[in-house]
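# Results of the structural survey
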Protein chains: 2
Amino acid sequence: MTNNYCVIMGGGIGSRFWPFSRETYPKQFLDLFGTGRSLLQMTYDRFSKIIPQENIYIVTNESYSDLIKGQLPELDENQILLEPTRRNTAPSIAYATYHIQAINPEANIVVAPSDHLIVHEDVFMESVKKGLLFVQEHGDALLTMGIRPSRPETGYGYIQGYEADAGGFAKVKTFTEKPDYDLAKIFFDSGEFFWNSGIFLWNVAAIQKALHKYMPEISARFDLGAPVFNTPEEKSFIHQNFPYCPNISIDYAVMEKADNVYMLCVDYGWADLGTWGSLYDMGEKDIDNNVKLTDKTMIYESKGNVIAVEDPKRLVVVQGIDNCIIAESGNVLMICRREEEQRIKQFIADAQLIYGKEYN
Amino acid sequence: MTNNYCVIMGGGIGSRFWPFSRETYPKQFLDLFGTGRSLLQMTYDRFSKIIPQENIYIVTNESYSDLIKGQLPELDENQILLEPTRRNTAPSIAYATYHIQAINPEANIVVAPSDHLIVHEDVFMESVKKGLLFVQEHGDALLTMGIRPSRPETGYGYIQGYEADAGGFAKVKTFTEKPDYDLAKIFFDSGEFFWNSGIFLWNVAAIQKALHKYMPEISARFDLGAPVFNTPEEKSFIHQNFPYCPNISIDYAVMEKADNVYMLCVDYGWADLGTWGSLYDMGEKDIDNNVKLTDKTMIYESKGNVIAVEDPKRLVVVQGIDNCIIAESGNVLMICRREEEQRIKQFIADAQLIYGKEYN
């Protein structure tokens, strides 16, 4: 139990969720569901039930340091690992790995995004415990959580596995990018494909070995600084070296290349709240399939919309509008067809160009 | 000149312009075009160029007393005639008539709404001067301004006239309600029909005579109090008697019944800013026929919308939406198809029922 560690990835910008998610206040810090806890806090709450509180780390961009401290005041300063630049997940995970290794070379680590929604927390926690036990007992195995798909979703990557054992563990055959609808339908019908959750489990030695094998650009650099991790010199070492790490995801850097990757097949009501579409899919729908993430609405002859307004006092009246995102947060009101949500990044770029940085 | 008076009707709620126009802050008090002057102030400014300032009166509901004083501090307290209840235009005009008669029985009066847009002010002022001269010289004539239609508009009432004389004055044949499109087209093509502007001119004796003939329910009551008008007792008399007046418009109560009604045919770029549709029609359009009454917009694949947002810092991003009203003011965001704007009154009623009076 005390060898179990958790790394929460909390540095994303969440631009696909604009205007709620802002560069200065990304979506993991938002209380999207009005529960009183942000997505980050809910992630922390889940893990703190099964991992010793002092073994939970947040890796994030240093610009979010104060946000993290404000939302998770129970964390010790050295549990927040700050990156000086944005470098995707592989460098973040490498940083956390070297830090935890310096503390406990026997560590088993679960790595998780900070912006996921988990519906059945008890099932989730049992799966994490099972996974940590698996990686403790299976030498250099790299384990990922594969979510049993409930629909032919085109917004997620998929993992194809060989037949799972009685415990739900399957060796991974392939990782795939987000499919088009026809391919997603084939994946869904086959029963062999699971959604790629981005939740990984491994012991320190296993991920170290994989980094050395597949990401020597990172491991060679961090090896030079190995003695300074978990010391007062770590910060300045990271400042000098982290910016030179390649901008690459752990999926692409390691998981898709390694041959000792396993998947724990699970089904705990999961969603990557990465996009308005995923929020729409997960949200509770009214009789006309509208999802309302706001207190006061009056909706007439309107179907398939997702309506999210930050100000709880604001009444939203919608008439004659179908399949749109209607989102208002801070200084932006956006109304956009749901099928065009991939253009939000362009809207942000345009907004910054025309009206300045305060709109991104 | 000193016999010329003006009565500005400033008591409407403007509910068809919700959520900008609110019961506590109706549209005549709004600076809709960002000119620094509200519609009421612009109305006052126009008349004060041709009518002695001390001869201009505002009739309004007493709940707007402070708003009027704030926007028109140059008015003396007794130039603001306060109604204790809402009773449409006939009682308002009767009240103003009795008040002005007590001051000057030779008065010629122009009565005008406070929420109209006039594009060519010089033409307008010449017309008012011409009209005041006409009613001074034509005994008991009741004169209305008829606006030469520029399109087969279905949102206005029409006035049919006999042939106009060289000065543009025509005897009125009929008043008609708002027509459907086919009828509006016939009206427009005929050349005999003009828009009913709601701007009236008459001398005190003429409107008194008409009120006695067609509205004895009002005149009999006000005759009893005739000695108190323009005295300190007027206020308490009005408080006791005004609520008993019938709720009826001057058009319906007098103009449609009288046989001595004339119309001055004019063309000074007029709009009744009563509805979102009229605002859309009057507004400057971009290349996709969107009307933007807000500072910061980014519009993609969207046509024929009217976009009005109160907060000048708010950026509005619209993608894939056609022919809608997108309006945000105070605690309400409304998105509604333009052709359904007549339902706004129902929205207000629903909002009050569900969420309380602060939304109406």
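This text goes with the structure placed above it.
For the structure given in this document, a descriptive report is provided here. (Residues numbered from 1 in each chain as written. Chains lettered and ligands numbered in written order. Predicted model: local features only at pLDDT ≥ 70, side-chain atom pairs only at ≥ 80, totals over all residues. Heavy atoms only, no water.)

Moving on, we get to the sheet that holds strand β12 (residues 291-293) of chain A. In a beta sheet, neighbouring strands pair by backbone hydrogen bonds and run either parallel or antiparallel. Spatially, β12(A)-β14(A)-β16(A)-β17(A)-β15(B)-β13(B) is the arrangement adopted by the six strands of the open sheet, whose pairing is mixed. Looking at strand neighbours, the two that pair on one side only are β12 of chain A together with β13 (296-300) of chain B, the edges of this open sheet. The sheet shows a mean angle of 5° between the axes of neighbouring strands, direction not considered. Strand direction decides the pairing type here: β13(B) and strand β15 (residues 315-319) of chain B, joined by five bridges, are parallel. Its bridge partner being in β15(B), B:M298 is matched across the sheet by B:V317. Packed on one face of the sheet, helix α11 (residues 344-355) of chain A meets β17 (332-337) of chain A together with β13 and β15 of chain B and runs near 140° to β13(B). (Pairing = 2+ DSSP bridges. Helix = DSSP H or I, 4+ residues; strand = E, 2+ residues; numbered from the N terminus. Axes fitted to C-alpha atoms, helices over the stretch in contact; angles between N-to-C directions. Contact = heavy atoms within 4.5 Å.)

A separate point is the interface of chain A and chain B. If you look at the interface, chain A gives 35 residues, while chain B gives 35 residues. Of the roughly 3000 Å² buried between chain A and chain B on both sides combined, carbon and sulfur atoms contribute 59%. Sorting the residues of chain A by area buried against chain B places A:Q319, A:L333 and A:I335 first, and these three jointly supply 21% of that buried surface. Here chain A and chain B share four salt bridges between them. The partner of B:R314 in a salt bridge is A:E328, with the nearest N and O atoms 3.1 Å apart. In this structure, the connection of chain A to chain B is made through 26 residue pairs in polar contact (both at pLDDT 80 or more). Sorting the residues of the side of chain A that touches chain B by element identifies β13 (296-300), β15 (315-319), β16 (324-329), β17 and α11 of chain A as the ones contributing at least two each. (Buried area = accessible area lost by both parts, 1.4 Å probe. Salt bridge = Lys/Arg side-chain N within 4 Å of Asp/Glu carboxyl O. Polar contact = N/O pair within 3.5 Å; in protein donor to acceptor, adjacent residues only side chain to side chain.)

To find leftover empty space, one rolls a probe the size of a water molecule over the atoms. Residue and element names in this part refer to chain A. In this structure, the second largest pocket encloses a volume near 1400 Å³. Forming the walls of the second largest pocket are 45 residues, and the residues nearest its centre are R16, N88, T89, S249 and D272. Of all the elements in the fold, those that place two or more residues in the lining of the second largest pocket are β2 (56-61), α3 (89-103), β4 (108-113), β8 (169-176), β9 (193-203), α9 (250-255) and β11 (270-272). Counting residues per element, the lining of the second largest pocket draws most heavily on β9, at four residues. (1 Å grid on protein atoms, 1.4 Å probe; cavity = no way out; pocket = protein on both sides within 12 Å on 5 of 7 lines; lining within 4 Å. Points joined across faces, edges and corners; volume = space filled by probe spheres on them.)

With that out of the way, let us pick up the sheet that holds strand β17 (residues 332-337) of chain B. Pairing is mixed in the open sheet, where six strands are placed in the order β13(A)-β15(A)-β17(B)-β16(B)-β14(B)-β12(B). With one partner strand each, in any of the chains shown, β13 of chain A together with β12 (291-293) of chain B form the two edges of the open sheet. Each strand of the sheet is rotated relative to its neighbour by a mean of 5°, with strand direction disregarded. With four bridges joining them, β15(A) and β17(B) adopt parallel strand pairing. Across the sheet, A:L315 pairs through a bridge with B:V332, a residue of β17(B). Running over the sheet, helix α11 (residues 344-355) of chain B touches β13 and β15 of chain A together with β17 of chain B and is turned about 140° from β13(A).

Further remarks concern empty space enclosed by the protein. In total, this model carries three cavities of 30 Å³ or more according to the counting rule given. Estimates place the volume of the largest cavity at around 50 Å³. Taken together, A:T43, A:R46, A:F47, A:A112, A:P113, A:H116, A:I118, A:F124 and A:I199 make up the lining of the largest cavity. Where the lining of the largest cavity is concerned, the elements lending two or more residues are α1 (39-48), β4 and β5 (116-118) of chain A. Counting residues per element, the lining of the largest cavity draws most heavily on α1(A), at three residues. In the lining of the largest cavity, the residues fall into six nonpolar, two polar and one charged. Within the residue set of the lining of the second largest cavity, elements represented by two or more residues are α1 (39-48), β4 (108-113) and β5 (116-118) of chain B. Here the residues of the lining of the second largest cavity sort into six nonpolar, one polar and one charged. (Nonpolar A, V, L, I, M, F, W, Y, C, P; charged D, E, K, R; others polar.)

For these two chain copies, the linking operation is a rotation about an axis paired with a shift along it. For the match of chain A to chain B, the screw axis carries a shift of 0.2 Å, the RMSD comes to 0.2 Å, and the turn is 178°. The operation mapping one copy onto its partner corresponds to a two-fold rotation axis. Distance from the rotation axis, computed per C-alpha, reaches its smallest value in chain A at A:I321: 4.2 Å. When the interface residues of chain A are mapped onto chain B, 100% of them again lie at the interface, so the same face is used by both copies. (Least-squares fit on C-alpha atoms with pLDDT ≥ 70 in both.)

Once that is clear, we can look at the packing of aromatic side chains. This model, assessed by the stated rule, comprises 48 aromatic pairs over all chains. Between the aromatic rings of B:Y355 and B:Y359, the centroid separation amounts to 6.1 Å while the plane-to-plane angle is 65°, which identifies the pairing as edge-to-face. The aromatic ring of A:Y280 is capped on one face by A:K285, whose charged end is 4.9 Å from the ring centroid. In this structure, A:R338 is placed above the aromatic ring of A:Y280, and the distance from its NZ or CZ to the ring centre is 3.6 Å. (Phe/Tyr/Trp six-rings, centres within 6.5 Å; stacked < 30°, edge-to-face > 60°. Lys NZ or Arg CZ within 6 Å of the ring centre and 35° of its normal.)

Residues and elements named next belong to chain B. Regarding helix α6 (residues 204-214), the residues found buried are V204, A206, I207, Q208, A210, L211 and Y214. On its buried face, α6 is in contact with α3 (89-103), β4, β6 (142-147), β9 (193-203), α7 (216-224) and α9 (250-255). Where α6 begins, one side-chain oxygen reaches toward the backbone nitrogen of A205, 3.1 Å away; that side chain belongs to N203. (Buried < 20%, exposed > 50% of the residue type's maximum accessible area, 1.4 Å probe, protein only.)

To continue, consider α11(A). Owing to its 3.6 residues per turn, the α-helix brings residues three or four apart onto one side. All names here are of chain A. Taking 1.5 Å of rise per residue, the twelve residues of α11 would be expected to cover 16 Å, and the 16 Å separating its terminal C-alpha atoms lies within 8% of that figure. Taken residue by residue, α11 has I344, F347, I348, D350 and A351 as its buried positions. One side of α11 carries all its buried residues, which in axial view fall inside an arc of 165°. Counted as exposed and oriented over 90 degrees from the buried face of α11: K345 and L353. Looking one or two places after α11, you find G356, whose phi comes out positive at around 105°. (Expected span 1.5 Å × (residues − 1). Arc of directions from axis to C-beta.)

All names here are of chain A. You can see H212 is positioned in helix α6 (residues 204-214). Residue H212 is classed as partly exposed on the basis of its relative accessible area, which comes to 35%. With residues near it in sequence (within four places) discarded, H212 still touches Y98, S219 and D223.

Glancing now at the environment of B:I58. All names here are of chain B. Mapping I58 onto the fold places it in strand β2 (residues 56-61). What makes I58 buried here is its relative accessible area of 0%. A sequence separation of 14 residues divides I58 from Y44, and the C-alpha atoms of the two residues are 9.2 Å apart. Dropping the residues within four chain positions of it, I58 is found in contact with I8, G10, L40, I68, L72, L75, Q79, I80 and L81.

Without other data, these values stay purely geometric and don't point to any function.
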